[in-house]
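Residues per chain are reported as follows:
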Amino acid sequence: MTSRLFGTLCGFVFLVNFGRVAFAPLVEPLRTEFGIGSAAVGLVISLVWWGSALPRIPVGVLLTRVPRHRVVLGTGVLLTAAAAFTASATSLLTLQLGAFCIGLASGAYFVSAVPLLGELYPESVGRVVGIHGMASQLAAVVVPTVAVWLLSQATWRAVFWLLTAAAAVVTLALAVVADGDTVPENADADRDFLAALTHWRTILLGVVMVAALGFVWQGLFNFYVEYMTTVKGLSPTTAGTMLTVVFAAGVPAFWLSGRLADRLPNVPYVLAIHLAFVVCLVALTLVSSRAALFAVTAAIGYVVHSLFPALDTYVLGVLPADNRAAAYAVFSGTALLLEAGGSGTLGYLREVGLGFDVVFLAAAGGLTAVLLGLTALYVLDAFPRPAAEPTDASVS
């Protein structure tokens, strides 16, 4: 029964992430239909991610009263309704509202489902978080191809009608599988939300480790096709392929990074990922041949998606079971709220005349400063340690 529940959650997260990333390959059709510019499209995309951030802390409070698997079911109902509303949008305002509600469903899902994974498989958190993340990432790989095919057969609305139907089916399947017998007794232990805030140091450090990099990543991947066509001179088809490569590289990244997170000291591993992303971002502005762009694109996709299972493993490993879901909700909600403005910010900077490469190099400089600060804190032993973090001997 646990395996069935885990498999259903993997199917669920596929659809949740499908809704979040579906807007990226639809930038041009949306811009054409609604007569909007880069800043407005960037705002629509940011609303998805702000929507994903805002419910996380309130849902953390809700999880002190409602079992996690029931909250997950509620997110399925919301995702189904939000996708149908988005597919029916007739104005920019209704499109923005639909995007925001899709984000709300995803945010509520992650803060209820990820801690549940830790309780289902307490001895291999990194492995199951990695597999769950891999299922999520497969959606990002599929979206560009599905979107292009549906655009050739119908309109952008077909993408969200497809999501509506699939979300309804998976929600029904989860309702059948997720009965009380499948959930561990301690999976709903969080009953004191304020107690979760006593872990503020873990929450704050986790936010710093992901928010700055995530902010840059949000702008980068949502405007990746435009960057490749306008700056690197690729055709729209080739640029779309590059976006697919970014996401495809994340599939093995989730799988492998989750396993490495179970074996390596978590904080140094996360800092190494951060450094690798800075190097890849600078390299992206320097290369121009198609082969080099392909290689850097694959590296960026692998590196950035390695971060998420590694950081989740660290945070879940440090937080005690009694407050894990609520504290994780505060961490992920705060981090994503900061990250979500990346697309809107990049769209605005483009409209005021700044070039992509200038913005990316400035972002690399800012991320380097953050990395130096985090490294100094680690040297000073400011990071809480997971109870089961590997020792030097076990790593060897």
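Residues numbered from 1 in each chain as written. Predicted model: local features only at pLDDT ≥ 70, side-chain atom pairs only at ≥ 80, totals over all residues. Heavy atoms only, no water.

Student: Tell me about the overall build of the chain, residues and numbers included.
Tutor: For the chain, the helix and strand inventory stands at 19 helices and 0 strands. In terms of C-alpha radius of gyration, the chain reaches 20 Å, essentially the compact-globule figure of 21 Å for 396 residues. Seen along its three principal axes, the alpha-carbon backbone of the chain occupies a region of about 55 × 45 × 30 Å. Counting all 396 residues of the chain, 58% fall into the buried class. Taking as baseline every contact in the chain between residues at least 6 positions apart, the subset at least 24 positions apart corresponds to 86%. Surface exposure of the chain reaches about 14,900 Å², of which carbon and sulfur atoms provide 69%. Each charge sign in the chain was given a centre, from 18 positive and 20 negative side chains, and these centres are 5 Å apart. (Helix = DSSP H or I, 4+ residues; strand = E, 2+ residues; numbered from the N terminus. Rg over C-alpha atoms; globule rule 2.2 N^0.38 Å. Buried < 20%, exposed > 50% of the residue type's maximum accessible area, 1.4 Å probe, protein only. Contact = heavy atoms within 4.5 Å. Areas by Shrake-Rupley, 256 points an atom, 1.4 Å probe, with all protein chains shown as cover. Lys, Arg positive; Asp, Glu negative; His and termini not counted. Charge placed at Lys NZ, Arg CZ, Asp CG, Glu CD.)

Student: Please give an account of empty space enclosed by the protein that cites residues and values.
Tutor: Counted according to the given criterion, the structure contains 2 cavities of 30 Å³ or more. As a volume, the largest cavity reaches approximately 590 Å³. Lining the largest cavity are 33 residues, with R20, F110, F254, F308 and D312 sitting closest to its centre. Contributions of two or more residues to the lining of the largest cavity are made by α1 (2-21), α6 (92-120), α7 (125-153), α10 (200-222), α15 (290-318) and α16 (324-339). Looking at the lining of the largest cavity residue by residue, the class counts come to 21 nonpolar, 8 polar and 4 charged. (1 Å grid on protein atoms, 1.4 Å probe; cavity = no way out; pocket = protein on both sides within 12 Å on 5 of 7 lines; lining within 4 Å. Points joined across faces, edges and corners; volume = space filled by probe spheres on them. Nonpolar A, V, L, I, M, F, W, Y, C, P; charged D, E, K, R; others polar.)

Student: Could you give an account of the side chain of T171, with specific residues and numbers?
Tutor: Within the secondary structure, T171 is located in helix α8 (residues 157-177). Contacts of T171, omitting those with residues within four sequence positions, involve F12, L73, G76, V77 and T80.

Student: Break down the nonpolar core for me, citing the residues and quoting the values.
Tutor: Core analysis: the largest hydrophobic core is formed by 127 residues, its most contacted members being F23, F160 and F277. It is α15 that contributes the most residues to this core, 12 residues altogether. Beyond its immediate sequence surroundings of up to four residues, F23 is in contact with L30, V44, I45, V48, T86, L95, A99, I102 and F160. If you look at the next biggest cluster of nonpolar residues, it comprises 6 residues, including L63, A108, V111 and A329. (Core = buried A, V, L, I, M, F, W, Y, C linked by side-chain atoms within 4.5 Å.)

Student: Can you break down α8 residue by residue, with the values?
Tutor: Between its first and last C-alpha, α8 extends 31 Å over 21 residues, near the 30 Å set by a 1.5 Å rise per residue. Of the positions making up α8, those classed as buried are A158, V159, F160, L163, T164, A167, V170, T171, L174 and V177. (Expected span 1.5 Å × (residues − 1).)

Student: Requested: an account of the side chain of T202, with residues and values cited.
Tutor: Here T202 lies in helix α10. When its relative accessible area of 5% is taken as the criterion, T202 is described as buried. With residues up to four places along the chain from it excluded, the contact list for T202 reads V318, L319 and P384.

Student: Tell me about the packing of aromatic side chains, and please be specific about residues and values.
Tutor: Within this structure, the stated rule accounts for 13 aromatic pairs. Ring geometry for F14 and F18: centres 6.5 Å apart, planes at 35°, overall tilted. Of the two residues, F14 and F18 both sit in helix α1, 4 residues apart, roughly one turn of that helix. An angle of 55° between the planes, with centres 6.0 Å apart, marks the rings of F34 and W156 as tilted. Remark: W156 occurs in the loop between α7 and α8 and F34 occurs in helix α2 (residues 27-34); sequence separation between them is 122 residues. Just as F34 is buried, W156 falls in that class too. (Phe/Tyr/Trp six-rings, centres within 6.5 Å; stacked < 30°, edge-to-face > 60°.)

Student: Residue-level account of the environment of T368, with values.
Tutor: Turning to its location among the elements, T368 is positioned in helix α18 (residues 356-379). Spatially, the C-alpha atoms of T368 and V278 are 7.0 Å apart, while their sequence positions differ by 90 residues. Within the structure, the side chain of T368 is placed 2.8 Å from the backbone oxygen of A364, a separation counted as a polar contact. (Polar contact = N/O pair within 3.5 Å; in protein donor to acceptor, adjacent residues only side chain to side chain.)

Student: For the confidence of the model for the chain, give the residues involved together with the corresponding values.
Tutor: Should the pLDDT be low somewhere, the predicted coordinates at that spot are not to be read in detail. A residue-level look at the chain finds 91% of positions with pLDDT of 70 or above and a mean pLDDT of 84. Note that pLDDT drops below 50 for residues 390-396; the model gives that stretch 8 contacts with residues more than four away or on any other chain. (pLDDT = per-residue confidence, 0-100.)

Student: Hey, could you go over the packing of α10 against helix α17 (residues 342-351) for me, with residue numbers and the actual values?
Tutor: At their nearest, the axes of α10 and α17 sit 7 Å apart, and the two run at 60° to each other. The crossing of α10 and α17 is right-handed. Within the contact between the two elements, α10 uses F215, Q218, G219, L220 and N222 and α17 uses G342, S343, T345 and L346. Its residues placed into classes, the contact of α10 with α17 shows 3 nonpolar, 6 polar and no charged. (Axes fitted to C-alpha atoms, helices over the stretch in contact; angles between N-to-C directions. Left-handed = near helix turned anticlockwise from the far one by under 90°.)

Student: Any chance you could break down a nonpolar patch on the surface for me, citing the residues and the numbers?
Tutor: A contiguous nonpolar surface patch, about 380 Å² in accessible area, is contributed by Y348, V352, L354 and V358. V352 gets classed as partly exposed once you look at its relative accessible area, which sits at 49%. (Patch = residues over 30% accessible without salt bridge, like charges linked within 9 Å, V, L, I, M, F, W, Y side chains within 5 Å. Salt bridge = Lys/Arg side-chain N within 4 Å of Asp/Glu carboxyl O.)

Student: Give a detailed account of the packing of helix α5 (residues 68-87) against α8, specifying residues and quantitative values.
Tutor: For the pair α5 and α8, the least separation of the axes is 8 Å and the interaxial angle reads 160°. In terms of axis orientation, α5 runs roughly antiparallel to α8. The element α5 and its partner α8 pack so that their crossing is left-handed. Counting all contacts with α5, which are made through V72, L73, G76, V77, L79, T80, A83, A84, T86 and A87, the residues of α8 involved are R157, F160, W161, L163, T164, A167, A168, T171, L174 and A175. Class assignment of the residues belonging to the contact of α5 with α8 gives a composition of 14 nonpolar, 5 polar and 1 charged. (Parallel < 35°, antiparallel > 145°, perpendicular 65-115°, else oblique.)

Student: Describe in detail unusual backbone geometry, supporting the description with residues and values.
Tutor: Positioned with a positive phi, D381 is a non-glycine residue whose angle comes to about 60°. When you line up the elements, D381 lands in the loop between α18 and α19 (392-395).

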